[in-house]
Amino acid sequence: MKVLVIGNGAREHALCRSLSLDPDVSALHCAPGNAGIAEVAELHTVDALDGEAVAVLAQRLGVDLVVVGPEAPLVAGVADAVREVGIPVFGPSGEAAQLEGSKAFAKEVMAAAGVPTARSYVCTNPEEVAEALDAFGAPYVVKDDGLAAGKGVVVTSDLEAATAHANACERVVIEEFLDGPEVSLFAVTDGDTVLPLQPAQDFKRALDGDEGPNTGGMGAYSPLPWADPKLVDEVLQTVLQPTVDEMRRRGTPFSGLLYAGLAITSRGVRVIEFNARFGDPETQVVLARLKTPLAGVLLAAASGNLEDLPPLRWSEDAAVTVVVASHNYPATPRTGDPITGLDEVAELDAPHAWVLHAGTKRDGDAVVSAGGRVLSVTASGKDLTEARERAYRAVGRIRLDGSQHRTDIAAKAASEA
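Note that the structure is predicted; figures quoted are calculated from it, not measured.

**Student:** So, helix α9 (residues 231-249): which residues are in play, and what are the values?
**Tutor:** In this model α9 runs 26 Å from its N-terminal to its C-terminal C-alpha over 19 residues, within 8% of the 27 Å that 1.5 Å per residue would give. At Gln237, α9 shows its largest kink, close to 40 degrees. For α9, the complete set of buried residues consists of Leu231, Val232, Val235, Leu236, Val239, Leu240, Pro242, Thr243, Val244, Glu246 and Met247. On its buried side, α9 packs onto α5 (98-101), α6 (103-113), β10 (182-189), β11 (194-196), β16 (256-265) and β17 (268-275). Gly251 occupies a position one or two residues after α9 and carries a positive phi of about 85 degrees.

Here is the structure:
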(Lines give C-alpha, C1' and ligand atoms only; values in the text may rest on other atoms or scores of the structure.)
Protein backbone atom coordinates (compact mmCIF):
# COMPACT_ATOMS: atom_id res chain seq x y z
CA MET A 1 0.00 0.00 0.00
CA LYS A 2 1.25 3.50 -0.90
CA VAL A 3 0.22 6.16 1.64
CA LEU A 4 0.31 9.98 1.60
CA VAL A 5 0.04 11.83 4.94
CA ILE A 6 -0.90 15.53 4.90
CA GLY A 7 0.54 17.79 7.63
CA ASN A 8 3.79 18.87 9.26
CA GLY A 9 3.51 18.37 13.04
CA ALA A 10 4.37 15.80 15.68
CA ARG A 11 0.98 14.14 15.16
CA GLU A 12 1.91 13.55 11.52
CA HIS A 13 5.38 12.32 12.53
CA ALA A 14 3.70 9.84 14.92
CA LEU A 15 1.38 8.67 12.11
CA CYS A 16 4.30 8.40 9.67
CA ARG A 17 6.42 6.51 12.21
CA SER A 18 3.66 3.93 12.76
CA LEU A 19 3.00 3.63 9.02
CA SER A 20 6.73 3.22 8.32
CA LEU A 21 6.76 0.23 10.71
CA ASP A 22 3.76 -1.36 8.95
CA PRO A 23 4.89 -4.21 6.65
CA ASP A 24 1.95 -3.51 4.30
CA VAL A 25 3.18 0.02 3.50
CA SER A 26 5.42 -0.12 0.43
CA ALA A 27 5.85 3.64 -0.06
CA LEU A 28 5.26 6.49 2.40
CA HIS A 29 4.90 10.13 1.38
CA CYS A 30 4.22 13.25 3.46
CA ALA A 31 3.36 16.80 2.43
CA PRO A 32 4.73 19.16 3.54
CA GLY A 33 6.31 17.22 6.46
CA ASN A 34 9.23 18.35 8.62
CA ALA A 35 12.88 17.50 9.34
CA GLY A 36 12.02 14.40 11.39
CA ILE A 37 9.36 13.05 9.04
CA ALA A 38 11.95 13.23 6.22
CA GLU A 39 13.75 10.30 7.90
CA VAL A 40 10.78 7.93 7.40
CA ALA A 41 8.86 9.38 4.43
CA GLU A 42 9.49 11.12 1.12
CA LEU A 43 8.52 14.79 1.47
CA HIS A 44 6.59 16.86 -1.07
CA THR A 45 5.67 20.54 -1.21
CA VAL A 46 1.95 21.26 -1.20
CA ASP A 47 -0.47 23.84 0.17
CA ALA A 48 -2.24 21.59 2.70
CA LEU A 49 -5.39 23.78 2.53
CA ASP A 50 -5.72 23.42 -1.27
CA GLY A 51 -7.82 20.31 -1.84
CA GLU A 52 -7.27 20.28 -5.58
CA ALA A 53 -3.49 20.47 -5.16
CA VAL A 54 -3.53 17.63 -2.61
CA ALA A 55 -5.71 15.49 -4.94
CA VAL A 56 -3.35 16.13 -7.88
CA LEU A 57 -0.35 15.16 -5.74
CA ALA A 58 -2.08 11.96 -4.56
CA GLN A 59 -2.88 11.01 -8.16
CA ARG A 60 0.66 11.76 -9.35
CA LEU A 61 2.13 9.58 -6.60
CA GLY A 62 -0.39 6.79 -7.30
CA VAL A 63 -1.23 6.37 -3.61
CA ASP A 64 -3.83 3.95 -2.24
CA LEU A 65 -4.69 6.04 0.83
CA VAL A 66 -4.47 9.69 1.89
CA VAL A 67 -4.41 10.50 5.62
CA VAL A 68 -5.26 14.13 6.46
CA GLY A 69 -3.65 15.02 9.80
CA PRO A 70 -4.57 18.59 10.87
CA GLU A 71 -7.99 20.14 11.40
CA ALA A 72 -7.68 23.17 9.07
CA PRO A 73 -7.41 21.12 5.83
CA LEU A 74 -10.33 18.94 6.96
CA VAL A 75 -12.57 21.94 7.63
CA ALA A 76 -11.42 23.37 4.26
CA GLY A 77 -12.77 20.24 2.52
CA VAL A 78 -9.47 18.68 1.45
CA ALA A 79 -10.81 15.16 2.09
CA ASP A 80 -13.75 15.86 -0.28
CA ALA A 81 -11.39 16.85 -3.12
CA VAL A 82 -9.37 13.65 -2.70
CA ARG A 83 -12.51 11.48 -2.55
CA GLU A 84 -13.77 13.10 -5.75
CA VAL A 85 -10.79 11.71 -7.68
CA GLY A 86 -11.54 8.22 -6.33
CA ILE A 87 -8.75 7.83 -3.78
CA PRO A 88 -9.68 6.51 -0.30
CA VAL A 89 -9.04 9.18 2.34
CA PHE A 90 -8.92 8.96 6.11
CA GLY A 91 -10.61 12.11 7.36
CA PRO A 92 -14.13 13.55 7.41
CA SER A 93 -15.77 15.72 4.76
CA GLY A 94 -15.68 19.49 5.18
CA GLU A 95 -19.30 19.43 6.36
CA ALA A 96 -18.71 16.64 8.90
CA ALA A 97 -15.51 18.34 10.14
CA GLN A 98 -17.73 21.18 11.40
CA LEU A 99 -17.95 19.04 14.56
CA GLU A 100 -14.58 20.63 15.28
CA GLY A 101 -14.86 23.69 13.04
CA SER A 102 -17.80 25.11 15.00
CA LYS A 103 -18.32 24.64 18.74
CA ALA A 104 -21.93 25.81 18.29
CA PHE A 105 -22.59 23.15 15.61
CA ALA A 106 -21.08 20.46 17.87
CA LYS A 107 -23.42 21.52 20.71
CA GLU A 108 -26.39 21.28 18.31
CA VAL A 109 -25.39 17.73 17.27
CA MET A 110 -24.87 16.67 20.91
CA ALA A 111 -28.29 18.01 21.88
CA ALA A 112 -29.96 16.09 19.03
CA ALA A 113 -28.02 12.89 19.86
CA GLY A 114 -28.65 13.13 23.62
CA VAL A 115 -24.92 13.31 24.35
CA PRO A 116 -24.05 14.62 27.86
CA THR A 117 -22.15 17.93 27.73
CA ALA A 118 -21.83 21.24 29.56
CA ARG A 119 -24.75 23.70 29.44
CA SER A 120 -23.81 26.60 27.18
CA TYR A 121 -24.81 29.80 25.41
CA VAL A 122 -23.76 30.94 21.93
CA CYS A 123 -23.05 34.69 21.99
CA THR A 124 -22.49 37.17 19.16
CA ASN A 125 -22.44 40.54 20.97
CA PRO A 126 -21.16 42.08 24.25
CA GLU A 127 -24.62 42.10 25.86
CA GLU A 128 -25.09 38.34 25.33
CA VAL A 129 -21.53 37.73 26.57
CA ALA A 130 -22.15 39.67 29.79
CA GLU A 131 -25.42 37.81 30.40
CA ALA A 132 -23.88 34.37 29.84
CA LEU A 133 -20.85 35.04 32.04
CA ASP A 134 -23.16 36.29 34.76
CA ALA A 135 -25.43 33.24 34.45
CA PHE A 136 -22.63 30.69 34.96
CA GLY A 137 -20.29 32.60 37.28
CA ALA A 138 -16.62 31.78 37.85
CA PRO A 139 -14.62 29.87 36.76
CA TYR A 140 -15.56 31.12 33.30
CA VAL A 141 -15.17 28.86 30.22
CA VAL A 142 -15.00 30.87 26.99
CA LYS A 143 -14.50 29.15 23.60
CA ASP A 144 -13.95 30.74 20.22
CA ASP A 145 -16.59 29.15 17.96
CA GLY A 146 -14.07 28.55 15.14
CA LEU A 147 -10.70 26.86 14.78
CA ALA A 148 -7.94 28.29 16.96
CA ALA A 149 -5.22 25.60 16.87
CA GLY A 150 -5.97 24.44 20.41
CA LYS A 151 -5.59 27.94 21.83
CA GLY A 152 -9.12 29.33 21.46
CA VAL A 153 -10.30 28.35 24.94
CA VAL A 154 -9.89 30.47 28.06
CA VAL A 155 -10.72 29.08 31.51
CA THR A 156 -10.33 31.79 34.14
CA SER A 157 -11.82 33.24 37.30
CA ASP A 158 -10.95 36.74 36.03
CA LEU A 159 -14.15 38.29 34.66
CA GLU A 160 -12.23 40.97 32.72
CA ALA A 161 -10.02 38.38 30.98
CA ALA A 162 -13.05 36.21 30.15
CA THR A 163 -14.96 39.20 28.75
CA ALA A 164 -11.97 40.39 26.70
CA HIS A 165 -11.47 36.95 25.10
CA ALA A 166 -15.20 36.60 24.37
CA ASN A 167 -15.48 40.03 22.76
CA ALA A 168 -12.42 39.37 20.58
CA CYS A 169 -14.28 36.43 18.93
CA GLU A 170 -16.94 36.83 16.24
CA ARG A 171 -19.03 34.03 17.74
CA VAL A 172 -18.28 32.55 21.12
CA VAL A 173 -19.55 29.64 23.18
CA ILE A 174 -19.72 30.32 26.93
CA GLU A 175 -20.39 27.27 29.07
CA GLU A 176 -20.51 25.94 32.61
CA PHE A 177 -17.24 24.79 34.15
CA LEU A 178 -16.87 21.01 34.36
CA ASP A 179 -15.05 19.65 37.41
CA GLY A 180 -12.99 16.44 37.47
CA PRO A 181 -10.11 14.98 35.47
CA GLU A 182 -10.02 15.20 31.68
CA VAL A 183 -9.64 12.26 29.30
CA SER A 184 -9.03 12.15 25.55
CA LEU A 185 -10.66 9.23 23.75
CA PHE A 186 -10.13 8.70 20.01
CA ALA A 187 -12.35 6.53 17.85
CA VAL A 188 -11.84 5.40 14.28
CA THR A 189 -15.12 5.32 12.34
CA ASP A 190 -16.35 4.70 8.80
CA GLY A 191 -19.63 6.52 9.44
CA ASP A 192 -21.40 3.41 10.82
CA THR A 193 -19.03 1.28 12.89
CA VAL A 194 -17.15 3.03 15.72
CA LEU A 195 -13.88 1.56 16.96
CA PRO A 196 -12.54 3.25 20.12
CA LEU A 197 -8.79 3.40 20.77
CA GLN A 198 -7.15 3.44 24.23
CA PRO A 199 -7.74 6.58 26.34
CA ALA A 200 -4.99 9.12 27.08
CA GLN A 201 -4.63 12.25 29.17
CA ASP A 202 -2.90 15.40 27.99
CA PHE A 203 -1.59 18.48 29.81
CA LYS A 204 -2.89 21.76 28.41
CA ARG A 205 -1.23 24.34 30.67
CA ALA A 206 2.28 25.59 29.91
CA LEU A 207 3.78 25.16 33.38
CA ASP A 208 4.18 22.47 36.04
CA GLY A 209 1.22 21.98 38.37
CA ASP A 210 -1.20 23.02 35.59
CA GLU A 211 -0.19 26.67 35.94
CA GLY A 212 0.30 29.23 33.19
CA PRO A 213 -1.54 29.83 29.90
CA ASN A 214 -3.38 27.25 27.81
CA THR A 215 -1.31 25.63 25.04
CA GLY A 216 -1.86 23.09 22.29
CA GLY A 217 -0.65 20.45 24.79
CA MET A 218 2.64 19.98 26.68
CA GLY A 219 2.63 16.19 27.09
CA ALA A 220 0.46 13.10 27.45
CA TYR A 221 0.36 9.56 28.77
CA SER A 222 -1.51 6.28 28.31
CA PRO A 223 -2.95 4.08 29.83
CA LEU A 224 -4.86 5.78 32.65
CA PRO A 225 -4.43 3.55 35.71
CA TRP A 226 -6.98 5.61 37.67
CA ALA A 227 -9.79 5.40 35.10
CA ASP A 228 -12.78 3.07 35.42
CA PRO A 229 -12.13 -0.03 33.25
CA LYS A 230 -15.67 0.39 31.85
CA LEU A 231 -15.01 4.00 30.73
CA VAL A 232 -14.33 3.22 27.05
CA ASP A 233 -17.48 1.11 26.68
CA GLU A 234 -19.55 3.77 28.44
CA VAL A 235 -18.25 6.55 26.19
CA LEU A 236 -18.81 4.40 23.10
CA GLN A 237 -22.47 3.85 24.09
CA THR A 238 -23.32 7.36 25.36
CA VAL A 239 -21.11 9.65 23.25
CA LEU A 240 -19.31 8.22 20.22
CA GLN A 241 -21.91 5.93 18.61
CA PRO A 242 -24.84 8.37 19.15
CA THR A 243 -22.80 11.22 17.60
CA VAL A 244 -21.82 9.15 14.54
CA ASP A 245 -25.44 7.96 14.16
CA GLU A 246 -26.73 11.55 14.39
CA MET A 247 -24.23 12.77 11.77
CA ARG A 248 -25.34 10.00 9.41
CA ARG A 249 -29.02 10.82 10.07
CA ARG A 250 -28.31 14.43 9.06
CA GLY A 251 -26.91 13.31 5.71
CA THR A 252 -23.35 14.32 6.62
CA PRO A 253 -21.80 11.00 7.71
CA PHE A 254 -18.60 11.32 9.73
CA SER A 255 -15.75 9.01 8.73
CA GLY A 256 -12.20 9.30 10.00
CA LEU A 257 -11.08 10.04 13.54
CA LEU A 258 -13.61 11.32 16.08
CA TYR A 259 -11.86 12.64 19.18
CA ALA A 260 -13.92 13.20 22.33
CA GLY A 261 -12.41 15.48 24.97
CA LEU A 262 -14.14 14.36 28.16
CA ALA A 263 -14.49 15.53 31.77
CA ILE A 264 -15.10 12.82 34.36
CA THR A 265 -17.30 14.97 36.60
CA SER A 266 -19.03 14.25 39.91
CA ARG A 267 -22.22 13.91 37.83
CA GLY A 268 -20.73 11.49 35.28
CA VAL A 269 -18.93 11.77 31.94
CA ARG A 270 -19.45 15.02 29.99
CA VAL A 271 -18.10 16.02 26.56
CA ILE A 272 -15.91 19.13 26.67
CA GLU A 273 -15.35 19.21 22.91
CA PHE A 274 -15.08 17.14 19.75
CA ASN A 275 -12.17 17.17 17.35
CA ALA A 276 -12.27 15.74 13.84
CA ARG A 277 -8.72 14.36 13.81
CA PHE A 278 -6.02 12.70 15.91
CA GLY A 279 -5.10 14.90 18.89
CA ASP A 280 -1.60 16.20 19.47
CA PRO A 281 0.16 15.14 21.79
CA GLU A 282 -2.13 12.21 22.67
CA THR A 283 -1.57 10.51 19.29
CA GLN A 284 2.09 10.12 20.17
CA VAL A 285 1.30 7.87 23.18
CA VAL A 286 -1.76 6.07 21.79
CA LEU A 287 0.05 4.96 18.63
CA ALA A 288 3.09 3.97 20.73
CA ARG A 289 0.85 1.33 22.35
CA LEU A 290 -1.06 0.14 19.25
CA LYS A 291 0.23 -3.26 18.06
CA THR A 292 -2.20 -3.71 15.16
CA PRO A 293 -0.56 -2.35 11.95
CA LEU A 294 -2.00 1.12 11.37
CA ALA A 295 -2.47 1.32 7.60
CA GLY A 296 -5.11 -1.44 7.47
CA VAL A 297 -7.12 0.23 10.24
CA LEU A 298 -7.14 3.62 8.47
CA LEU A 299 -7.93 2.06 5.06
CA ALA A 300 -10.84 0.05 6.55
CA ALA A 301 -12.32 3.30 7.89
CA ALA A 302 -11.71 5.14 4.61
CA SER A 303 -13.36 2.39 2.55
CA GLY A 304 -16.29 1.58 4.85
CA ASN A 305 -15.09 -1.87 5.95
CA LEU A 306 -14.45 -1.27 9.64
CA GLU A 307 -16.86 -3.94 10.88
CA ASP A 308 -14.75 -6.63 9.14
CA LEU A 309 -11.58 -5.61 11.01
CA PRO A 310 -10.38 -8.01 13.76
CA PRO A 311 -10.23 -6.49 17.30
CA LEU A 312 -7.31 -4.11 17.80
CA ARG A 313 -4.26 -5.42 19.66
CA TRP A 314 -2.60 -3.25 22.32
CA SER A 315 0.70 -3.37 24.16
CA GLU A 316 0.49 -3.71 27.94
CA ASP A 317 3.30 -1.14 28.14
CA ALA A 318 2.73 2.47 29.18
CA ALA A 319 3.78 5.45 27.03
CA VAL A 320 4.66 9.04 27.96
CA THR A 321 5.37 11.99 25.69
CA VAL A 322 6.99 15.27 26.81
CA VAL A 323 6.75 18.34 24.56
CA VAL A 324 9.85 20.49 24.20
CA ALA A 325 8.64 23.99 23.30
CA SER A 326 10.54 27.03 22.10
CA HIS A 327 11.35 30.16 24.07
CA ASN A 328 8.23 32.28 24.80
CA TYR A 329 5.66 29.64 23.72
CA PRO A 330 2.61 29.93 23.68
CA ALA A 331 2.97 33.69 23.04
CA THR A 332 5.20 34.58 20.06
CA PRO A 333 7.73 31.74 20.01
CA ARG A 334 11.33 32.25 18.94
CA THR A 335 12.35 30.14 15.93
CA GLY A 336 15.55 29.37 14.01
CA ASP A 337 17.49 28.00 17.02
CA PRO A 338 19.66 24.93 16.33
CA ILE A 339 18.63 21.63 17.96
CA THR A 340 21.34 19.17 19.04
CA GLY A 341 21.35 15.83 20.86
CA LEU A 342 18.89 14.09 18.51
CA ASP A 343 21.57 11.62 17.35
CA GLU A 344 22.42 10.83 20.98
CA VAL A 345 18.80 9.91 21.71
CA ALA A 346 18.68 7.68 18.62
CA GLU A 347 21.94 6.00 19.62
CA LEU A 348 21.48 5.66 23.39
CA ASP A 349 17.73 5.50 24.05
CA ALA A 350 16.27 3.51 21.13
CA PRO A 351 14.12 1.49 20.89
CA HIS A 352 12.43 2.55 24.15
CA ALA A 353 12.50 6.32 23.47
CA TRP A 354 12.28 8.33 20.29
CA VAL A 355 11.86 11.94 19.17
CA LEU A 356 8.89 13.06 17.09
CA HIS A 357 9.37 16.41 15.35
CA ALA A 358 6.69 19.13 15.49
CA GLY A 359 8.06 22.58 14.60
CA THR A 360 11.40 21.78 12.93
CA LYS A 361 13.10 22.29 9.59
CA ARG A 362 16.48 21.62 8.01
CA ASP A 363 18.93 24.49 7.65
CA GLY A 364 21.90 23.06 5.78
CA ASP A 365 23.19 20.20 7.93
CA ALA A 366 21.45 21.49 11.05
CA VAL A 367 17.93 20.92 12.37
CA VAL A 368 16.44 24.18 13.69
CA SER A 369 13.26 25.15 15.52
CA ALA A 370 10.41 26.34 13.29
CA GLY A 371 7.41 26.62 15.61
CA GLY A 372 6.11 26.85 19.17
CA ARG A 373 6.01 23.17 20.03
CA VAL A 374 9.27 21.85 18.60
CA LEU A 375 9.61 18.18 19.63
CA SER A 376 7.57 15.41 21.28
CA VAL A 377 9.95 13.13 23.14
CA THR A 378 8.14 9.81 23.53
CA ALA A 379 9.02 6.67 25.48
CA SER A 380 7.45 3.36 26.45
CA GLY A 381 8.04 1.24 29.55
CA LYS A 382 6.53 -1.58 31.59
CA ASP A 383 4.67 1.08 33.62
CA LEU A 384 4.28 4.86 33.71
CA THR A 385 7.25 5.27 36.08
CA GLU A 386 9.64 3.54 33.65
CA ALA A 387 8.16 5.33 30.61
CA ARG A 388 8.56 8.70 32.39
CA GLU A 389 12.18 7.97 33.35
CA ARG A 390 13.04 7.03 29.77
CA ALA A 391 11.25 10.05 28.28
CA TYR A 392 12.91 12.55 30.63
CA ARG A 393 16.35 10.91 30.20
CA ALA A 394 15.97 11.50 26.44
CA VAL A 395 14.73 15.07 26.98
CA GLY A 396 17.88 15.69 29.01
CA ARG A 397 20.07 14.91 25.99
CA ILE A 398 18.40 17.53 23.77
CA ARG A 399 19.75 21.05 23.59
CA LEU A 400 17.66 23.93 22.26
CA ASP A 401 18.48 27.41 23.50
CA GLY A 402 15.73 28.90 25.67
CA SER A 403 13.52 25.82 25.36
CA GLN A 404 10.96 24.84 27.98
CA HIS A 405 9.17 21.65 29.01
CA ARG A 406 7.03 20.48 31.89
CA THR A 407 8.70 18.19 34.42
CA ASP A 408 5.48 16.67 35.83
CA ILE A 409 3.94 14.85 32.85
CA ALA A 410 2.24 11.67 34.19
CA ALA A 411 3.93 12.15 37.60
CA LYS A 412 0.72 12.00 39.64
CA ALA A 413 -0.66 8.99 37.71
CA ALA A 414 2.68 7.16 38.03
CA SER A 415 2.82 7.74 41.79
CA GLU A 416 -0.74 6.48 42.26
CA ALA A 417 -0.50 3.48 39.93
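**Student:** Provide a residue-level description of the sheet that holds strand β19 (residues 338-340), including the pertinent values.
**Tutor:** Taken in spatial order, the four strands of this open sheet run β21-β22-β19-β24, and their pairing is antiparallel. Every other strand in the sheet has two partners, leaving β21 (360-363) and β24 (399-400) as the edge strands with one partner each. Bridging between β21 and strand β22 (residues 366-369) involves four bridges; their strand directions are antiparallel. Within β22, the position partnered with Asp363 by the bridge is Ala366.

**Student:** So what about the environment of Val5? Which residues, and what values?
**Tutor:** Secondary-structure assignment places Val5 in strand β1 (residues 2-7). Val5 sits in the buried class, given a relative accessible area of 0%. Spatially, the C-alpha atom of Val5 lies 12 Å from that of Thr45, the residues being 40 residues apart in sequence. Among residues more than four places away in sequence, those in contact with Val5 are Glu12, Cys16, Leu19, Leu28, His29, Cys30, Ala31 and Val67.

**Student:** Quick one: what's the story with the pairing of β22, residue by residue and with numbers?
**Tutor:** Working note: regular strand, side chains alternate between the two faces of the sheet. Sheet analysis places β19 next to β22, joined by two bridges and oriented antiparallel. Paired with Ile339 across the bridge in β22 is Val367. Connecting β21 to the next strand, β22, in antiparallel fashion are two residues, including Gly364 with a positive phi near 65 degrees.

**Student:** A description of the pairing of strand β9 (residues 172-175) should follow, citing residues and the corresponding values.
**Tutor:** The alternating pattern of β9 places Val172 and Ile174 and Val173 and Glu175 on opposite faces, both of which are buried. Strand direction decides the pairing type here: strand β6 (residues 120-123) and β9, joined by four bridges, are antiparallel. Its bridge partner lying in β9, Val122 is registered against Val173. Both strand β7 (residues 140-144) and β9 contribute to a ladder of four bridges, which runs antiparallel. Of the residues in β9, the one forming a bridge with Val142 is Ile174.

**Student:** Quick one: what's the story with unusual backbone geometry, residue by residue and with numbers?
**Tutor:** For the bond from Asp280 to Pro281, the omega torsion is 25 degrees, close enough to zero to count as cis. Locating Pro281 in the fold gives a position in the loop between β17 and α10 (282-289). Following Ala350, the chain continues into Pro351 via a peptide bond in cis, with omega recorded as 0 degrees. Within the secondary structure, Pro351 sits in the loop between α12 (342-348) and β20 (353-357). Although it is not a glycine, Asp210 adopts a positive phi angle of roughly 55 degrees. You can see Asp210 is positioned in the loop between β13 (205-207) and β14 (211-214). A residue is classified by how much of its surface remains accessible, and Asp210, at 46% relative accessible area, is partly exposed. A positive phi angle, close to 65 degrees, is found at Ala410, a residue other than glycine. In this structure, Ala410 sits in the loop between β24 and α14 (411-416).

**Student:** Requested: an account of the packing of aromatic side chains, with residues and values cited.
**Tutor:** For the structure on display, the rule yields five aromatic pairs. Look at Tyr121 and Phe136: their rings are 5.3 Å apart centre to centre, the planes differ by 40 degrees, and that puts the pair in the tilted class. Here the residue Tyr121 occupies a position in strand β6, and Phe136 occupies one in helix α7 (residues 126-136), the gap between them amounting to 15 residues. When its relative accessible area of 41% is taken as the criterion, Tyr121 is described as partly exposed. Take Phe136: its relative accessible area is 19%, and that puts it in the buried class. Seen from their ring centres, Phe186 and Tyr259 are 5.1 Å apart, and the 35 degrees between their planes marks the pair as tilted. In this pair, Phe186 sits in strand β10 while Tyr259 sits in strand β16, placing the two residues 73 residues apart along the sequence. The exposure classification of Phe186 matches that of Tyr259, with both residues buried. Each residue in the set Phe90, Phe186, Tyr259 and Phe278 is aromatic and connected to the rest through ring pairs, giving one cluster. Its guanidinium or amino end placed over the ring of Trp354, Arg17 lies 3.7 Å from that ring's centre, counting from NZ or CZ.

Criteria and cut-off values
- Residues numbered from 1 in each chain as written.
- Predicted model: local features only at pLDDT ≥ 70, side-chain atom pairs only at ≥ 80, totals over all residues.
- Heavy atoms only, no water.
- Helix = DSSP H or I, 4+ residues; strand = E, 2+ residues; numbered from the N terminus.
- Expected span 1.5 Å × (residues − 1).
- Bend = angle between axes of the 7 residues up to and from the residue.
- Buried < 20%, exposed > 50% of the residue type's maximum accessible area, 1.4 Å probe, protein only.
- Contact = heavy atoms within 4.5 Å.
- Pairing = 2+ DSSP bridges.
- Phe/Tyr/Trp six-rings, centres within 6.5 Å; stacked < 30°, edge-to-face > 60°.
- Lys NZ or Arg CZ within 6 Å of the ring centre and 35° of its normal.

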